[in-house]
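# Architecture and fold: a report
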Amino acid sequence: MAKNYAALANDVISALGGKENIVAVTHCMTRLRFTLKDESKANIENVKNIAGVVGCVNKGGQFQIVIGTQVADVYNELIQIAHIQTDGEEKKEKKNLISALFDTMASIVMPMIGPLAGAGMIKAILSILVQFSLIDNTTQTYQIFYMVADCVFYYMPFFLAFSAGKKFKCNPYLSLIFAAMLVHPTYLGLKTAGDPVTLLGLPVTLATYTSSVVPIILIVYFQSIVEKWVTKWTPKAIKTFFVPMIVILVTVPVGFIVLGPLGAIFGNYLASFFTFLDTQVGWLVPMLVGGLCPLLVMTGMHYALGSAQSIQRATVGYATILAPGMVCSNMAQSAATFGVALKTKDKELKSLASTVGVTALCGVTEPAFYGALLSRPKALIGTAIGAVSAGLVAGLFGLRTFVQGGCPGYLTLLFFVDQNGGLHYVWIAILVAAIATIV
């Protein structure tokens, strides 16, 4: 794959008939999308023969060039070289609110797919080594490597804050402040203490923001609105300190009181709802959790369900609220990711999907979801159908787990061994994993 993005951009411009023939350009996850003045001047065969171009297609009034996951780098070089206006075309791309939201999420998360995939593979390797007794998870070597691999997941708000700051065209370094406030030791200490906390006299919901996705994106989006407004009305002489100061003073209360807790508040109600369902119609819970699991993880709501499950395990000795549905979702996501790897012609995406599919098999699904599934509606729908189908079987057979911790996957099947060493629930787990994969 070409590494000289400027040369690749120049070759593309030349093959399309020169920069004067380009009206506008935008990009999605893997493609450059051009609006041309005269499509007859574009030579498709020349485009396909350019080193670094995976494919080319002309449809829907757009001349689309498949580049791969480094498309943003080529796009940035291209608009600098050709001085192309993109605003009008970007508006055309936003067909509806749902697609716009998914496109925004995907573009924010995409830059961190590499670290997610690499860290996920390390977690998977550690799990395999532990399962085959090649390393003990109590050793310092294991703990240090696991700690490093977990950093990208635990401190995900930092990565997302910087990426969202660039996406929303605000100061990304200022965005990092709002990520830091969500996981600062002082805040974590307040949460651990459990005492009521107020800010400006208003109650603060003490939610868990480590590994969360949506709260920090909402906060940075709000930051971008405040920052642009304050910058517009602030005299140049004091902008350096005044704009960040006002943005912090306004964003922190809104973030802590409103935007951050939204997912947590809803998650608490959701946990109560699932607990009620588990006692009344237990077969339904794995279906709902399986189908909604990616959304629960994105918003951080799975922490509320995890807390409810911990209480359930402590009370009755086993858990059914979260883990059975999650194993269905994880295996469905893994299968869908391998499906993307099989069908795509993008060599880089094929390699990425194959790698993160392995991590999903081990229960680490964030790389697979954000890297291969989030921007592909058909793959997401297939994932949900597979997870719901397997969840129904898990519910009907009363699947339950007996061990705390870990991400449900093929390497954590021992979590389903009952207190007496019985394998009844292990076989059920294997069955539902197979159903999720096949469907």
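No experiment lies behind these values; they were computed from the predicted model shown.

Parameters and conventions
- Residues numbered from 1 in each chain as written.
- Predicted model: local features only at pLDDT ≥ 70, side-chain atom pairs only at ≥ 80, totals over all residues.
- Heavy atoms only, no water.
- Helix = DSSP H or I, 4+ residues; strand = E, 2+ residues; numbered from the N terminus.
- Buried < 20%, exposed > 50% of the residue type's maximum accessible area, 1.4 Å probe, protein only.
- Contact = heavy atoms within 4.5 Å.
- Expected span 1.5 Å × (residues − 1).
- pLDDT = per-residue confidence, 0-100.
- Polar contact = N/O pair within 3.5 Å; in protein donor to acceptor, adjacent residues only side chain to side chain.
- Core = buried A, V, L, I, M, F, W, Y, C linked by side-chain atoms within 4.5 Å.
- Phe/Tyr/Trp six-rings, centres within 6.5 Å; stacked < 30°, edge-to-face > 60°.
- Axes fitted to C-alpha atoms, helices over the stretch in contact; angles between N-to-C directions.
- Parallel < 35°, antiparallel > 145°, perpendicular 65-115°, else oblique.
- Left-handed = near helix turned anticlockwise from the far one by under 90°.
- Nonpolar A, V, L, I, M, F, W, Y, C, P; charged D, E, K, R; others polar.
- Pairing = 2+ DSSP bridges.
- Patch = residues over 30% accessible without salt bridge, like charges linked within 9 Å, V, L, I, M, F, W, Y side chains within 5 Å.
- Areas by Shrake-Rupley, 256 points an atom, 1.4 Å probe, with all protein chains shown as cover.
- Salt bridge = Lys/Arg side-chain N within 4 Å of Asp/Glu carboxyl O.

### Let's talk about the overall build of the protein chain
Within the protein chain, the regular secondary structure consists of 20 helices and 6 strands. Burial status across the protein chain gives 48% buried among its 439 residues. Taking the contacts inside the protein chain whose residues are at least 6 apart along the sequence as the reference set, 70% of them involve residues at least 24 apart.

### Examining helix 19 (residues 377–396)
Because the α-helix completes a turn every 3.6 residues, residues three or four places apart line up on one side. With 20 residues, helix 19 ought to run about 28 Å at 1.5 Å a step, and its terminal C-alpha atoms sit 29 Å apart, in line with that. What helix 19 keeps buried is the set Ala379, Leu380, Thr383, Gly386, Ala387, Ala390, Gly391, Val393, Ala394 and Gly395. In the stretch just after helix 19, Gly398 is the one whose phi turns positive, near 65°.

### Considerations on the confidence of the model for the protein chain
Any segment with low pLDDT has predicted coordinates that should not be analysed in fine detail. Per-residue pLDDT for the protein chain averages 81, and the proportion of residues at 70 or more is 87%. For the protein chain, helix 4 (residues 87–93) is the element with the lowest average pLDDT, namely 45, and helix 9 (residues 172–183) is the one with the highest, namely 94. Predicted confidence is poor over residues 87–95, with pLDDT under 50, and the contacts of this stretch with residues over four places away or in other chains come to 11 contacts.

### What about the side chain of Thr234?
Take Thr234: it is sitting in the loop between helix 11 (214–233) and helix 12 (239–259). A distance of 2.5 Å separates the side chain of Thr234 from the backbone oxygen of Val230, its partner in a polar contact. With residues up to four places along the chain from it excluded, the contact list for Thr234 reads Lys239, Phe242 and Val243.

### Side note on the nonpolar core
Within the largest apolar cluster, 58 residues are counted, with the highest numbers of intra-cluster contacts made by Leu116, Leu160, Leu182, Ile216 and Tyr370. Beyond its immediate stretch of four places on either side in the chain, Leu160 contacts Ile108, Val109, Met112, Ser212, Val213 and Ile216. Counting 24 residues, the second largest nonpolar core, distinct from the first, contains Leu16, Val25, Leu36 and Tyr75.

### Here's the deal with the environment of Gly120
By secondary structure assignment, the location of Gly120 is in helix 6 (residues 113–131). Taking the C-alpha atoms as reference points, Gly120 and Asp150, 30 residues apart in sequence, are found 8.2 Å from one another. When sequence neighbours within four positions are dropped, the list of residues in contact with Gly120 reads Phe153, Thr359 and Val364.

### Description of unusual backbone geometry
At Lys169, a position not held by glycine, the phi torsion is positive, near 60°. By the secondary structure assignment, Lys169 is in the loop between helix 8 (156–167) and helix 9. Located in the positive-phi region is Leu200, a residue other than glycine, with phi close to 55°. Classification of Leu200 as exposed rests on a relative accessible area of 70%.

### Focus on the environment of Cys56
Turning to its location among the elements, Cys56 is positioned in strand 3 (residues 55–59). Between the C-alpha atom of Cys56 and that of Asn46, which follows or precedes it by 10 residues, the distance is 10.0 Å. Sequence-distant contacts of Cys56, that is, excluding residues within four places in its chain, are made with Ile44, Val47, Lys48, Phe63, Gln64 and Ile65.

### Some thoughts on the packing of aromatic side chains
In total, this model carries 7 aromatic pairs according to the counting rule given. Measuring from centroid to centroid gives 4.8 Å for Tyr154 and Tyr155, while their planes differ by 80°, and the two rings are edge-to-face. Taking the centre distance of 5.4 Å and the plane angle of 20° together, the rings of Tyr187 and Phe256 count as stacked. Taken as a pair, Tyr187 in helix 10 (residues 185–193) and Phe256 in helix 12 lie far apart in primary sequence, 69 residues in all. Residue Tyr187 shares its accessibility class with Phe256, and that shared class is buried.

### Looking at the packing of helix 8 against helix 9
At a minimum axis separation of 8 Å, helix 8 and helix 9 run at an interaxial angle of 150°. Taken together, helix 8 and helix 9 sit at an angle that is classed as roughly antiparallel. Judged by the sense of rotation from one axis to the other, the crossing of helix 8 with helix 9 is right-handed. Here helix 8 contributes Pro157, Phe158, Ala161, Phe162, Gly165 and Lys166 to the contact with helix 9, which in turn contributes Pro172, Tyr173, Ser175, Leu176, Ala179, Ala180 and Val183. For the contact of helix 8 with helix 9, a count of residues per class yields 10 nonpolar, 2 polar and 1 charged.

### Describing the packing of helix 16 (residues 323–343) against helix 19
Look at helix 16 against helix 19: their axes get within 8 Å of each other, and the N-to-C directions meet at 145°. In this structure, helix 16 crosses over helix 19, and the sense of that crossing is right-handed. Mapping the contact onto sequence places Cys328, Ser329, Ala332, Gln333, Ala336 and Val340 in helix 16 and Ala379, Thr383, Gly386, Ala387, Ala390, Gly391 and Ala394 in helix 19. Here the contact of helix 16 with helix 19 is composed, by residue class, of 8 nonpolar, 5 polar and no charged.

### Topic: the pairing of strand 2 (residues 31–36)
In regular strands, side chains alternate between the two faces of the sheet. Among the 6 residues of strand 2, 5 are classified as buried, and the element is accordingly described as predominantly covered. Sheet analysis places strand 2 next to strand 4 (residues 62–66), joined by 4 bridges and oriented antiparallel. For Arg33, the partnering residue across the bridge sits in strand 4 and is Gln64.

### So, a nonpolar patch on the surface
Together, Trp283, Leu392, Leu396, Phe397 and Leu431 make up a nonpolar patch on the protein surface, roughly 490 Å² of accessible area in all. Here Trp283 is to be found in the loop between helix 13 (261–280) and helix 14 (284–299).

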